[in-house]
Amino acid sequence: MANQTIFTTQTPSNPDATDGTAYELGMKFQSSAAGQITAIRYWKSPSETGSHIGKVWAGTGGANPLVTVTFANETASGWQEQALTTPLNIQANTTYVVSVNTNNHFAMTTDALATEVTNGNLSSVADNNNGVFGNAGSFPNNSYRNSNYFRDVGFVVTTIPTITKTGGDNQTGTAGAALTNPLVVNIENGGNPQAGVTVNFTVTAGGGSVSPVSAVTNASGQASTVLTLGAASGAIIPISNTVNASVPSIGTVTFNATANPAGVTVVSVFTNQTPSNANVSDNATYELGMKFTSTKAGQITGIRFWKAASETGSHIGKIWSSNGTLLGSVTFANETASGWQTQALSTPVNIDPNTTYVVSVNVNSFFALTYDVLASTITNGAISSVADGNNGVYGNINAFPTNSYRNTNYFRDVVLVIGSTINKVSGDNQSGKVGTALQNPLVVRVEDGNNNPQSGATVTFTVTQGAGTVSNASVVTGSDGQASTTLTLGNIPSGPNSAVIVTATAAGIGSTTFSAKSAPANANAIYLENIKTGTNNWVITNYALDEITGYAAATSVNKGASLPIKVSLKQSGSFQVEVYRLGYYGGLGGRLVSSSGSLTGNTQPACTVDDDPNNPNRTNLVECNWSDSYTIAVGSDWTSGLYIAKLIDQASGKQSAIWFVVRDDSNNSDIVFQSSFTTFQAYNSLGQYSLYAWNSLNGQKAIKVSFDRPFIQTTSKGAWYFDSMLRFERHMVRWLESQSYDVNYITNLDVQANPQIIRQHKVFISVGHDEYWSMQERDAVEQARDANPPVNLAFFSSNTAYWHIRFGNSTNGGQANRIMTCYKSNADPTSPATNKFRLINRPENALLGVMYTGDRSDGLYDTTTNINSPSYSGFDHVVSKSDDLYYANTGLTNGSKLTGLVGFEWDANVNNGAAPSGLVILSQSTVVPSNTDPDVPPGTNYSVSNAVRYTASSGAKVFSTGSNQWMFGLDNGGNSTNLTDPRAKQIAVNVFADMGALPQTPDAGIIVPTSP
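Sequence positions are assigned chain by chain, starting from 1 and proceeding in written order. Confidence filtering applies because this is a predicted model: local features only for residues at pLDDT of at least 70, side-chain atom pairs given and counted only at 80 or more, and all residues used for totals across whole chains, interfaces and linings. Remark: hydrogens and water are excluded; side-chain values derive from all non-hydrogen atoms of the structure.

A. Representation of the sheet that holds strand β66 (residues 851-855) within the structure. A strand pair is defined by DSSP finding two or more bridges across the two strands. Put simply, DSSP marks the helices as runs of H or I at least four residues long and the strands as runs of E at least two long, and each gets a number from the N terminus on. Overall, antiparallel pairing links the three strands, which are arranged β71-β66-β74 in an open sheet. Strands at the two margins of the open sheet, each flanked by one partner only, are β71 (905-908) and β74 (931-932). In this structure, β66 lies alongside β74, joined through two bridges in antiparallel fashion. Following the sheet pairing, Gly-854 is matched in β74 by Thr-932.

B. Quick look at the UniProt feature "domain: Big-1" (unreviewed entry) in the chain. UniProt positions are given in the numbering used here, feature names are shortened, and annotations may be inferred rather than shown by experiment. In the numbering used here, UniProt assigns the "domain: Big-1" (unreviewed entry) feature to residues 415-519. Between the end C-alpha atoms of residues 415-519 there is a gap of 42 Å, over a span that is 0% helix and 54% strand.

C. Spotlight on helix α7 (residues 982-994). The first and last C-alpha atoms of α7 sit 18 Å apart over 13 residues, in line with the 18 Å expected at 1.5 Å per residue. Judged by how many residues are buried, α7 sits mostly within the fold: 11 of 13 residues are covered. Taken together, the buried positions of α7 are occupied by Ala-984, Lys-985, Gln-986, Ile-987, Ala-988, Val-989, Asn-990, Val-991, Phe-992, Ala-993 and Asp-994. Check the buried side of α7 and you find it contacts β58 (671-675), α3 (725-738), β61 (763-769), β63 (792-798), β70 (897-902) and β77 (957-960). Immediately downstream of α7, the backbone of Gly-996 shows phi near 95°, a positive value. To estimate how far a helix should extend, the number of its residues minus one is multiplied by 1.5 Å. Here the term buried applies to any residue with accessible area under 20% of the maximum for its type, exposed to any over 50%, and partly exposed to those in between, with areas from a 1.4 Å probe on protein chains only. Any two residues whose heavy atoms approach within 4.5 Å at even a single point are treated as in contact.

D. Here's a closer look at the nonpolar core. Judged by nonpolar contacts, the single largest core of 79 residues is most densely connected at Leu-736 and Phe-992. It is α3 that contributes the most residues to this core, seven residues altogether. Looking at this core, you find at least three residues from each of domain 5 (528-664 + 674-753 + 802-840) and domain 6 (844-995). Beyond its immediate chain neighbours, meaning those up to four positions away, Leu-736 contacts Ile-671, Phe-673, Tyr-741, Val-743, Ile-765 and Phe-992. Side-chain atoms within 4.5 Å are what join buried Ala, Val, Leu, Ile, Met, Phe, Trp, Tyr and Cys residues into a set we call a nonpolar core. Judged by nonpolar contacts, the second largest core, of 25 residues, contains Met-775, Ala-952, Ala-956 and Val-958. Domain limits in this description derive from either an automatic procedure or a database domain assignment.

E. Layout of the packing of aromatic side chains. Each aromatic pair joins two rings of Phe, Tyr and Trp (for Trp, the six-membered one) with centres within 6.5 Å, and gets the label stacked for planes under 30 degrees apart, edge-to-face for over 60, and tilted for any other angle. Per the counting criterion, the structure on display carries 52 aromatic pairs. With a centroid separation of 6.4 Å and an interplanar angle of 80°, the aromatic rings of Tyr-692 and Tyr-772 are classed as edge-to-face. With a gap of 80 residues between them, Tyr-692 in the loop between α2 (677-683) and β59 (704-706) and Tyr-772 in strand β62 (residues 772-774) connect regions that are remote in the sequence. The same class applies to Tyr-692 and to Tyr-772, which are both buried. Ring centres of Trp-735 and Tyr-741 lie 5.6 Å apart, and the angle between their planes is 40°; on these two criteria the pair is classed as tilted. As far as the burial class goes, Trp-735 and Tyr-741 line up, both buried. Working rule: Lys NZ or Arg CZ, within 6 Å of ring centre, within 35 degrees of ring normal, means a charge sits over the ring. When the ring centre of Phe-514 is taken as origin, the NZ or CZ atom of Lys-424, which lies over that ring, is 5.9 Å away.

F. Examining the pattern of salt bridges more closely. Salt bridge, as applied in this entry: a Lys or Arg side-chain nitrogen positioned within 4 Å of an Asp or Glu carboxyl oxygen. Applying the stated criterion to the full structure yields 40 salt bridges. The closest approach of N and O atoms between Asp-127 and Lys-28, which form a salt bridge, is 2.7 Å. Residue Asp-127 is found in the loop between β10 (122-124) and β11 (132-134), and its partner Lys-28 is found in strand β2 (residues 23-31); the two are separated by 99 residues along the sequence. Salt bridges sharing common partners tie together Lys-836, Arg-838, Glu-844, Asp-933 and Asp-935.

Put into structure tokens, the structure is as follows:
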């Protein structure tokens, strides 16, 4: 038979890729029939030079290839083929790797090996990890996007000696015990048994042993051994054991076996208890839960709940820490009609002994209960309910439940496996240069069921995404229970050298992952800023009521300038100012930039209030006229961003904050991020008046508000407000900066003062709740969209540009843009009236493509239980056009859902004749509003929210999420509910790439499209 090859007419989409690095590039392949490799082939790039050596490796790798050949008489480009001096025998249905080194340039087509390529008996392997690369000359085992590097073989089917498994494969037994059946292989040549052949049996994983380690085939061509399964101390999950049976001149086959851990203890709180009322309803949705604890460490492997007979809909089980951090969740599948339902967690949750946790499952209408049962402890072995007088907890659906009524048992439970755990100690979230070792080792600790260090456990470290090598791939824990390795970051052939994931696995116990990122070649200011030492001390941990408050002389300041701040103490004394920049900083969220040391402060004059009931023209304006207390010297080396000046009253320890933005007016970054200071101010009720009746004195809202006053959101009285720099915007900032996007920051007032400031950038983004715009800002954004070159617009927000506002000078000193007017009606004597934009002939959807239709302000967020760890829930983002480029590489299909990303306010497409032409509806999400806007066209569907995009006539790309909490899909950052979704992150990367902005350090698994 003539030589077969895998590739026939395929050609590379990029025939001359390079990143200036030498690689070993390869492909995994199999043959359905035994035969011989007679040649190695590769596609040569026209710019490639130097010598090339082809290799074929066993699929499991090893230090040495099975065969090598040096290419001779190469042509300038295209397919090169070199015959092997001695053909290589290969077995049927066995994985091998063919590779050829590259010195500088190579051919590639990304994603081409995600599915099998078959020709005759040969095929590529579609294991989602093909298209392999590594250091030149070494076994290639990294993969990026299943890229085809055009490495191939010449193969012929022929009669050769074969080794096949004939018995004993895929058995299951108990750890430490011998398997029931021997592992048997058969050696044949052309169908004839081969006697007298020595077969070597080697344990390659699982820690077991074989007897004998070698055997000679009998007259039937058979040889066998018996495997005693490995025993791993503290194991609580099955362990994979593998044994290779090999004959050097013929080949190798692999046996697999599973060792179930011996003596594992599995417990739940409830055993034979049943509810006294198994079908209760008050026609409301809840999150129902129970606090529990264990005297021993272990892993929660499943969640249980008693289902009421009339209950319908989907259910999500959750495990929380005692302070409301979501540790794990799972959606129940294949539920029965009623009674106990159990669902395994895809990733078990490690728990510590003598520590309180909460298990909860949502209910849609009906549930089971027994009153007063949890007033006393229910114990089953090591696990028990908590009797603190406040158990049997409930709350808003999908949020951390904290309320309690009569210590009611709602029959929520866990499956706890008691045994050892593996946890990260240090070394996560580092960054470094490609080709160098990270500064700190990756360290894990294995602990037994009593939380004591476990020595003698074998931990394997494997690069599972990205490129790199570990110094020690297998480490045995010492007396401190710790094992460590050092990661050297590697290159990805013509890919983003950014994210690497290393998985540390203790057999039978579990695994944990480390993330690291490579320094970009031409690092931008955001990357360089975020590799500096971070801290979480920016968090206000002891909110002041009125002990210390303050405001800044401006909402933003250019780098290199100065910013006076005005501080008032309830009692004169000492205070301190600590200035932090918000960002990612390895997940800590901030960096200390400067500190004032101890300052002397006093009580500032009372603010004036224009609320004389006898004045028919009163505005309820609250305005302070405080003297400067301290001047923040903004260094020329400060990075543009969102900043917090943390105010600390040294007598009481109470804390408050002043928010401001540092600009870089000479910066031409890809993205300009607008912070919504006008909306913060609209909701600010310090002095008892805001632009809203609900938080104003006697329900009398103001029509003017001043920036010359502290934000009540920075005090204990208003820290729970949703309109805060620390709610939506902080999360978008964390994600953008974790990916090292090139960003500059401004406020609405900067656009008011300098409408051209947007034009310096490729992308303008509005985030969260950006409700109040001046006409100057609206004009500036639309004109930037329509300019040449245009500015792209990304609205990760909703209810945007809703109210028209007008700026005026302060009454104290005449400073421009310090007073904000919004009548919210046509009673405004100045035209155009400060009313809804849609009512003054500037409907929002003419800009965004969508407009606000409703919200649900009850039940979708809880910022009061734990101010610094709020819980959020929402309606699902439902995909309606999955073939759109913004959904590329997400795997989403029409009807797919991104959980909880729509809320608490949303926008929708409306038929008012103002929507831009070519509007693409990306999502059709069902919502249930508690408030709706009456000023929409008749027939508007209030039960739908839409994410949309369009391309303006100028070529500008415009995207709107239609939700003000969509960014929670990108970052959790301290929220007690985790709505992050890698598919949402991929969507955001797609959006920004289409607008010309690319991340320098994308997360592992993110595919960065080529920027237009």
